Amino acid sequence: MSTSNKTTFSSTLGVIMAAVGSAVGLGNIWRFPYICGKYGGGAFLIVYLCFVFLLGATLMMSEFVIGRRSQHTPIKAFQALHPKKAWGLLGLLGLITSFFILSQYLVLSGWTTDYIWESISGNLAALGSDAGAISNYFAQFSTNALRPVIAVVIFSVICLVVIMCGVQKGIENVSKVLMPLLVLLVLVLCVRSLTLPNAGKGLEYLFLPDFSKLTGEGVLAALGQALFSLSVGMGVMIVYGSYMPVNDNVFKTAMWITACDTLIAILAGVAIFPAVFSCGFDPAGGPGLVFCVLPNVFNNMGGAGIVFSTIFFLLLAVAAMTSAISLLESLTATLLEHAKVNRQVSAVLFFLLSSAFGILFSLSIGPLSNVTIGHAHLTMFDFVDKLNSIYLPPICSLFTIFFFGWVMPEADIKDELSNHGVLKIGYYKVFRFLARYVAPLALLVVLITGIMG
Ligand code: TRP
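Report on the accompanying structure. (Residues numbered from 1 in each chain as written. Predicted model: local features only at pLDDT ≥ 70, side-chain atom pairs only at ≥ 80, totals over all residues. Heavy atoms only, no water.)

**Let's talk about unusual backbone geometry**
- Backbone geometry places Gln-71, a non-glycine residue, at a positive phi of 60 degrees.
- Considering the arrangement of structural elements, one finds Gln-71 in the loop between helix H3 (42–70) and helix H4 (74–81).
- With phi around 60 degrees, Ser-231 is a residue other than glycine that occupies positive phi space.
- Taking the relative accessible area as the measure of exposure, Ser-231 reaches 14% and is therefore buried. (Helix = DSSP H or I, 4+ residues; strand = E, 2+ residues; numbered from the N terminus. Buried < 20%, exposed > 50% of the residue type's maximum accessible area, 1.4 Å probe, protein only.)

Structure representation (structure tokens):
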């Protein structure tokens with residue numbers, strides 16, 4: 001076995017903040033609220049909570065155990081825990097997935113970063129409440145050859161600087177400041193949103209259980225969102241697990257992270273939907289909601305609109321940043337372990353590669369939109385979006401949980417969960433059942449329906 005990976009977070013709080021930072025991202029703030037409303041509000045929420053706590057947390061615990069037990073980054077982690085070196089390929093697949101998610105994430109994060117400026121400078125406010133003008137503005141911006149590219153570069157450079165500062169000084173310290181800031185920002189927006197006239201309609205959309213809207217598709221969406229939101233299935237949590245202090249309680253830590261991630265997703269919904277309904281808009285999904293509907297909502301708030309819209313885009317950028325940092329860290333740390341390079345070189349290399357792909361994906365929305373892939377003529381951005389949402393994460397998650405439940409020696413798992421016999425693990429039987437049977441089956445169903453649908 002090669003030299004072990006000695007970097008650690010300084011405390012349990014540090015682990016929680018960094019992992020919550022990874023988990024809380026664009027998925028919580030613009031994806032969760034929308035699909036929650038779409039698939040039946042409260043009814044969806046119940047299903048989502050089950051998936052998050054039963055399956056998402058199980059996967060997260062598995063990755064933490066694999067990382068902390070092996071003290072390695074994904075490729076070597078799997079190889080260290082099983083004599084068949086081919087398991088390293090699973091680590092590699094996770095890293096490839098991380099790379100594509102990061103490149104796509106940089107594009108969306110770039111838009112968010114640019115919109116902080118559009119908001120402060122008054123450009124968004126100047127569009128007034130003309131919905132067409134606001135959508136046009138976004139369409140022109142996102143298809144522009146230069147502006148989104150500059151935004152990608154600015155955002156990635158900030159992430160790079162944090163990674164270059166290292167695990168404790170960079171990631172941990174930044175997460176400890178940014179995560180509380182994020183909670184504060186989302187709470188400010190919640191208060192504003194809830195005090196608008198007719199706010200109740202938005203809450204109804206979000207929370208009133210409507211079981212007739214909860215279809216099979218909704219159940220699958222809940223499962224997919226649970227995995228995506230917790231950042232599991234691509235080895236990032238294996239890397240963070242390898243940084244976990246030895247006396248940390250894996251179960252408790254995973255539960256805290258899961259609870260925080262879910263709470264922030266729900267708060268984001270409370271911040272967004274009452275405002276959208278109060279202004280009489282229809283909720284839209286994805287970029288449409290954030291870049292076309294919300295600016296209109298803010299412009300309807302009068303003078304303070306600029307303040308709230310700036311806070312909102314800042315919130316999004318903060319959430320995106322800690323997620324992007326974890327993805328870049330996972331790649332950087334892996335190269336660090338496999339090649340004789342230092343952290344700075346490794347970080348710069350992946351920064352350059354992921355920004356280059358990010359820029360390419362960004363251009364594929366505008367000037368390069370005629371370059372398409374496959375029979376469906378998808379642009380590069382849409383292609384990678386499909387890869388990142390339907391194929392890669394469920395495949396990686398499925399193999400990871402299979403490895404954990406059926407391949408890794410059970411004694412190692414028990415030893416690691418109990419901190420070498422110190423902690424009681426009363427939950428173990430249920431956890432084991434979930435990891436061996438429920439999670440692989442559920443993932444298989446998601447994967448098959450995703451591919452067929
Ligand atoms: N969890 C992130 C979000 O909610 C997205 C994400 C998926 C992610 N997989 C990841 C972030 C891996 C970091 C690492 O937006």
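**Looking at the packing of aromatic side chains**
- Summed over all chains, the structure comprises 34 aromatic pairs.
- Residues Phe-99 and Phe-100 carry aromatic rings whose centres are separated by 5.9 Å and whose planes lie at 75 degrees to one another, so their mutual orientation is edge-to-face.
- Judged by relative accessible area, Phe-100 falls into the partly exposed class, the value being 21%.
- Ring centres 5.3 Å apart and planes at 85 degrees place the aromatic pair Trp-111 and Phe-138 in the edge-to-face group. Here the residue Trp-111 occupies a position in helix H5 (residues 88–120), and Phe-138 occupies one in helix H6 (residues 131–143), the gap between them amounting to 27 residues. As far as burial versus exposure is concerned, Trp-111 and Phe-138 are alike and both buried.
- An aromatic cluster is present here, built from Trp-111, Tyr-115, Phe-138, Phe-141, Phe-291, Phe-298, Phe-312, Phe-313 and Phe-381 joined pairwise through their rings.
- In this structure, Arg-436 is placed above the aromatic ring of Trp-406, and the distance from its NZ or CZ to the ring centre is 3.8 Å. (Phe/Tyr/Trp six-rings, centres within 6.5 Å; stacked < 30°, edge-to-face > 60°. Lys NZ or Arg CZ within 6 Å of the ring centre and 35° of its normal.)

**Re the environment of Phe-138**
- A relative accessible area of 10% means that Phe-138 is categorised as buried.
- Residues Phe-138 and Asp-382, 244 residues apart in the sequence, show an inter-C-alpha distance of 18 Å.
- If sequence neighbours within four positions are ignored, Phe-138 has contacts with Trp-111, Tyr-115, Pro-287, Phe-291 and Cys-292. (Contact = heavy atoms within 4.5 Å.)

Shape is all these values report; function is a separate question.
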